[in-house]
Amino acid sequence: MIIIIKDWLSQPLTKMYAPTLELLKCSETCRLNILREDFAKYMDECDPLKEFRNHFLIPKNSDIPFGEFDSKLVDLQETCVYLCGHSLGLQPKSTKEYVNKELEKWATKGVCGHVNVDDKPWWIIDEFVNGLCAQIVGAKELEVVAMNGLTVNIHLLLVPFYRPTVNRHKILVEGKSFPSDYFALESHLKLHGYDPATSLVEVNSRQGETFLRTEDIIKTIEEEGESIALIWFGGLQYYTGQLFDMKCITEAGHKKGCIVGFDLAHAVGNVELSLHDWGVDFACWCSYKYLNSGPGALSAVFIHERHAKNFDLPRLEGWWGHEKESRFQMDHKFLPRTGAAGFQISNPPVLQTVSLLSALELHTKATMKSLRKKSQLLTGYMEYLLMSIIEEDKVNSTSAAQYFQIITPKNPCERGAQLSIMFPYDTQQIFLELKRRGVVVDERKPNVIRVAAAPIYNSFMDVFKFYKYVKECIQLVCNQ
Ligand SMILES: *Cc1c(COP(=O)(O)O)cnc(C)c1O
């Protein structure tokens, strides 16, 4: 599991990816060593998105339950190093205000809040977020609706979009997919009378490799496509951080007559998406990871315009998917709304919707293009610093220390913000030591730590501190 990094830092510049090159150029321009703290400070000062950090509430070291906390290791009054946006994004300062406003409306207007108010009547509350959601994923407003939880939406969308026949009943999925997605797929296969052992086809990485090759995905689609009803992939793999080529997978799937859908839980708010132009049939995502809308926040779905008026698609019906104009006439003839809205079931949870709204306003203001640009720099910087730990030790030729392997693709176009770091030993102790230093990351037992710098609130200094502490913790653990 130990990787030997050959000349990573001494590679000729032309062999480096664009974000790394840009970092090195910056370091040359400002004449600051990229491995030193003042470089991080300089990068933060130059950051065109730096203002956005001020729009978030960042927990202080003293506020976070660190267990065996040692105040000698960090300043309790400082903000923690929060690199867990892939799990739960931080709270925008505006969220409380938005939620309180609705609580106040409820307190003072009761049921009249639904219709008889000028500002955000509840009966159409989702319309304030759908357009912004659509912007984030590169879709038309008609194609997107915010509703329910993510796994609930996977189930709802598998009803119209998984239509197995005797000759075409398989589902193609990425190996090691998120358990909830796997469970949902498995239950629909069983519902239709198919055996997941034979009807669920997985694409896995090659022996000795840590992520999938696009060519292997495409090859499987070409070889087995005729028996595949549905291709369901995570847009960005939650464990390895690999960003899949959704355009390419969609095209290959369509060529073979398959329906193609994506779970964008780790992709939304993280990378740029063009769901409409890529021709993806359907997708869904949650908004509590990179979209910062709060624990258990609303999910949203995308259904391509080409299906907008296909009312023959079977669906689980509810009154909120019924045409707005005649919804309250309460008769029993279901008239579906056009587009994604026709798949709604219940009236939307207002507090969750405005919490999503407050976060989306920040993201659309920053724009995904700028966020992605900063994100690639932050992640490239993190990778560079981490690799320097191995490199330095190689130079010092100290003990044959056990290091780590980054199992995320190196190519910035094949990953988002997250780096997944695999250690050749149980990470429990490193994880604990990091926590004691105010570093919040995510541990996938037994030996992977997932780290993500969210460009909307993380700084280069956060990444630098992470590097400094990781180095310290590795030395501590390895020297025991
Ligand atoms: C986070 C995540 C989920 C979580 O599902 P919920 O229904 O929101 O609890 C599901 N799938 C993937 C791929 C995820 O990353």
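Before going into details, it helps to say that this report is about the structure given with it. (Residues numbered from 1 in each chain as written. Predicted model: local features only at pLDDT ≥ 70, side-chain atom pairs only at ≥ 80, totals over all residues. Heavy atoms only, no water.)

Here the focus is the packing of aromatic side chains. Applying the stated criterion to the full structure yields 16 aromatic pairs. Ring plane angle 55 degrees and centroid distance 5.2 Å describe the contact between Phe56 and Tyr457, whose orientation is recorded as tilted. One end of the pair, Phe56, is in strand β1 (residues 56-57); the other, Tyr457, is in the loop between β15 (448-452) and α14 (460-478), with 401 residues separating them in the sequence. Plain terms: the ring middles of Tyr381 and Phe460 are 5.7 Å apart, the flat faces sit at 55 degrees to each other, and that makes the pair tilted. Of this pair, Tyr381 sits in helix α12 (residues 368-396) while Phe460 sits in helix α14; the two residues are 79 residues apart in sequence, bridging distant segments of the chain. Pair check on accessibility: Tyr381 and Phe460 agree, each one buried. (Phe/Tyr/Trp six-rings, centres within 6.5 Å; stacked < 30°, edge-to-face > 60°. Helix = DSSP H or I, 4+ residues; strand = E, 2+ residues; numbered from the N terminus. Buried < 20%, exposed > 50% of the residue type's maximum accessible area, 1.4 Å probe, protein only.)

Once that is clear, we can look at the pattern of salt bridges. Per the stated rule, a full pass over the model turns up 26 salt bridges. Residue Asp119 is joined to Lys101 by a salt bridge in which the shortest nitrogen-to-oxygen separation is 3.1 Å. Within this pair, whereas Asp119 is found in the loop between α3 (93-109) and α4 (127-137), its partner Lys101 is found in helix α3, the two being separated by 18 residues in sequence. By relative accessible area, which is 47% here, Lys101 ends up partly exposed. Of the charged contacts in the structure, one is a salt bridge between Glu383 and Arg415, with a shortest N-O distance of 3.0 Å. Of the two residues, Glu383 sits in helix α12 while Arg415 sits in the loop between β11 (405-406) and β12 (418-422), which places them 32 residues apart along the sequence. For Glu383, a relative accessible area of 3% puts it in the buried group. Given the relative accessible area of 2%, Arg415 is considered buried. Beyond isolated ion pairs, a larger network of salt bridges with shared partners links Glu433, Arg436, Arg437 and Glu472. (Salt bridge = Lys/Arg side-chain N within 4 Å of Asp/Glu carboxyl O.)

Before going further, it helps to examine the pairing of strand β7 (residues 228-234). Most of β7 is tucked away: seven of the seven residues are buried. As judged from the four bridges shared by strand β5 (residues 170-174) and β7, these two strands associate in the parallel manner. The residue bridging Ile171 from the neighbouring strand is Leu230, located in β7. Crossover handedness for the path β7 to helix α9 (residues 246-255) to strand β8 (residues 259-263): right-handed. (Pairing = 2+ DSSP bridges. Right-handed = clockwise from strand over helix to strand, strands pointing away.)

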